[in-house]
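# Coordinate inspection notes
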Amino acid sequence: MSVFLRLFEYARPYRARLVAALGAMVQYGAASAGVAALIQPIFDEVLPSRQNLVPVAAAILVVYLLKGIGAYLSGYLMTDVGQRVVRDLRNVLFRHILGQSVAFFSVQTTGRLISRITNDVGQVQRAVSETIGDLTRESLSLVGFAAVLFYYDSRLAIVCLTGAPLVVYPLVRLGQRVRRTARRSQEALEQISHVSAEAIAGHRIVKAFGAEEREAGKFERASQHFYRTCMKVTGVLSALPPLMEFIGGVAFVGALVYGSREIVAGRLSPGEFTAFMAALFMMYAPAKRLSRVNADLQQAMAAGERIFEILDSHNEVQDRPGAAELPRFGHHIEFHDVRFAYGGTSGRATLDGVSFVVRAGQMLAIVGRSGAGKTTLVNLIPRFYDVTGGSIGVDGRDIRDVTIASLRSQIGIVTQETVLFDDTIAANIAYGRQGATAEEIEAAARAAHAHEFIAQLDRGYEAMIGERGQRLSGGQRQRIAIARAILRDPPILILDEATSSLDAESEMLVQDALSNLMRNRTSFVIAHRLSTVRRADAIVVLARGRIVESGAHDELMARGGAYTKLHELQLQEEPTEIEI
Ligand SMILES: Nc1ncnc2c1ncn2[C@@H]1O[C@H](COP(=O)(O)OP(=O)(O)OP(=O)(O)O)[C@@H](O)[C@H]1O
Ligand SMILES: [Mg+2]
């Protein structure tokens, strides 16, 4: 029920329309009852003696006209409100999902989230625009018809309507079943979306490993599961209308037996009886539709629950109340006894007791074996995750006390995996600074040594690069990502293996660009090239989440410890000659 009320909150801004729709429904219900009521004068006056032909005919036309207008307006307005509610809900949901922290996305999958935005919201939309409209309109018609029944013969009406409460109980019970099954069917749909999104995004690997059959099999199982849960819902839903119809038949027999006796005894005119029967018959259509309404609503509630689950998932990384803007960075960044565990405070620590200070304008190199925690460490700076212990300060302010937007606006990142969007090269480079001029974009591309290959593309800067930049090579993608960071021109720079996909020649060129970029900036650089690391003002060596050594290159080499070992095993010397 609370799901229903929460959905209703979204309809609140459109209550004027809802009230208008309700008015139209009342008109529809009254006109429907009017049709039934007109049967009596037809049979008792017009047909036997052509008495009152003109007024009755006129009334028939008016009543149908009113009914038509009521049906049109109520249908249109309810659909409109439904669509508006769902549009708002979808927008809120998307914004909420985008605002979630990085941890949220390592648990949720793309396909599943998309399924919530499209399928679950769609399910709710059907409920709001069709079902709730039906519920109100048909209930009002039922009330109208019942009034007609009671008007002509209240005893007979009571006889015919006694069955009604008996119908309600199974409907409510069935509705509960439907809700559970509907939830499962939405989950199955989510699985379909997940399996297909993953296989399509990873299509190269699927092909390379000959896993088409396996993926298709996974999809078919999800499909089959969806089919089965859908049919379970359908099994319940399809049983309802015939059930209603049969109960109607029983009422019909009862009315016939009683009515024939009353007519013979002269207590009821044939016209009255016919009008009564007509109203009874006309009740079937709304009753049949109403019998489905509860089940339909339950389906929508199941979908609504799933939407609110996401909306209720709160974000661990968010602005504190009263968080201040971070002024432009100018002094130092300090890690103070930082501890971090992906599983929260209780989990195994990925970083433990990490402390260091980087002054403005300095370059810090972070080295260590794979899995040592290098990426994790730099992810803490823009608050992709919050520390689980200790603190990180920028110019002496804890980064949790400043707004996330003001913090991130001062940081440029080139990540280990390059992320580009399905847009033009120019738009991708300008992603971090909307409204950059063509000259600025080109200057950034030149600095990243990307201009040469861009100029050779058919449409140059206007070339579309495909989803995730698929139409570019790995090294080209990386250079676009570097140009994007250059154009943003942030005081703090994070480079996580930013040149790992480049060949030696491009890397030297890009290194050159990066060192220009890093000048007068504070940078955190994760690199495997000795030449890069050697240039750093300070180096920290991470092993299993702890800093085991730190200092400048020569100092660390003289010590002959962990850095020296890494130096031998991992850091690659610059090639003396460029191989062709
Ligand atoms: N989202 C995550 N959830 C849970 N554990 C994670 C997550 N990301 C990384 N880890 C774990 O944290 C540890 C450190 O990972 P991290 O990515 O920081 O390593 P790294 O030093 O950058 O390695 P590489 O050089 O291979 O990039 C790894 O053991 C990894 O399994
Ligand atoms: Mg890494």
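This one's a predicted model, so the numbers in the text were calculated from it and none came from an experiment.

### Re helix α6 (residues 154-161)
- By the burial criterion, the buried members of α6 are Leu-156, Ala-157 and Cys-160. Down the axis of α6, the buried side of the element spans an arc of 105°, and every buried residue falls inside it. Those residues of α6 that are exposed and angled more than 90 degrees off the buried face are Ser-154, Arg-155 and Ile-158.
- Packed against the buried residues of α6 are α5 (110-152), α9 (212-264) and α10 (270-312).

### Brief notes about the site of ligand 1
- Around ligand 1, a shell composed of Ser-106, Tyr-342, Thr-350, Gly-368, Ser-370, Gly-371, Ala-372, Gly-373, Lys-374, Thr-375, Thr-376 and Gln-416 is seen.
- Counting residues per element, the shell around ligand 1 draws most heavily on helix α11 (residues 374-379), which supplies three residues.
- Class assignment for the residues of the shell around ligand 1 results in two nonpolar, nine polar and one charged.

### Examining the nonpolar core
- Ala-365, Ala-448, Ile-482 and Ala-483 are the most contacted members of the largest nonpolar core, which has 72 residues in total.
- With seven residues, helix α16 (residues 474-488) is the single largest residue contributor to this core.
- For Ile-482, the residues in contact, after removing those within four places along its chain, are Val-414, Ala-448, Ala-498, Val-510, Ala-513 and Leu-514.
- Membership of the second largest hydrophobic core comes to 57 residues, among which are Val-86, Cys-160, Phe-276 and Ile-307.

### Regarding the sheet that holds strand β3 (residues 363-368)
- The six strands lie next to each other as β6-β7-β8-β3-β9-β10, forming an open sheet whose pairing is mixed. Sheet topology places β6 (411-414) and β10 (546-551) at the edges, where each strand pairs with a single neighbour. In this sheet, neighbouring strand axes are inclined to one another by 15° on average, regardless of whether the strands run parallel or antiparallel.
- Helix-sheet contacts for α16 involve β6 and β7 (492-496), and the interaxial angle to β6 is about 175°.

### Some details on the domain arrangement of the protein
- Taken as a whole, the protein is organised into domain 1 (2-312) and domain 2 (329-410 + 520-572).
- The distance between the C-alpha centroids of domain 1 and domain 2 comes to 59 Å.

### Re unusual backbone geometry
- Located in the positive-phi region is Arg-50, a residue other than glycine, with phi close to 55°.
- Relative to the helices and strands, Arg-50 resides in the loop between α2 (15-49) and α3 (53-98).
- Of the residues examined, Arg-50 has 9 C-beta atoms within 10 Å and is grouped as exposed.
- Unusually for a residue other than glycine, Asp-337 sits at a positive phi of about 50°.
- Here Asp-337 is to be found in strand β1 (residues 332-340).
- By C-beta crowding, Asp-337 is classed as exposed, having 12 other C-beta atoms within 10 Å.

Calculation criteria
Residues numbered from 1 in each chain as written. Chains lettered and ligands numbered in written order. Predicted model: local features only at pLDDT ≥ 70, side-chain atom pairs only at ≥ 80, totals over all residues. Buried ≥ 20, exposed ≤ 12 C-beta atoms within 10 Å, placed from the backbone. Helix = DSSP H or I, 4+ residues; strand = E, 2+ residues; numbered from the N terminus. Arc of directions from axis to C-beta. Contact = placed C-beta atoms within 7 Å. Near = placed C-beta within 6 Å. Nonpolar A, V, L, I, M, F, W, Y, C, P; charged D, E, K, R; others polar. Core = buried A, V, L, I, M, F, W, Y, C linked by C-beta atoms within 7 Å. Pairing = 2+ DSSP bridges. Axes fitted to C-alpha atoms, helices over the stretch in contact; angles between N-to-C directions. Domains from an automatic or database assignment.

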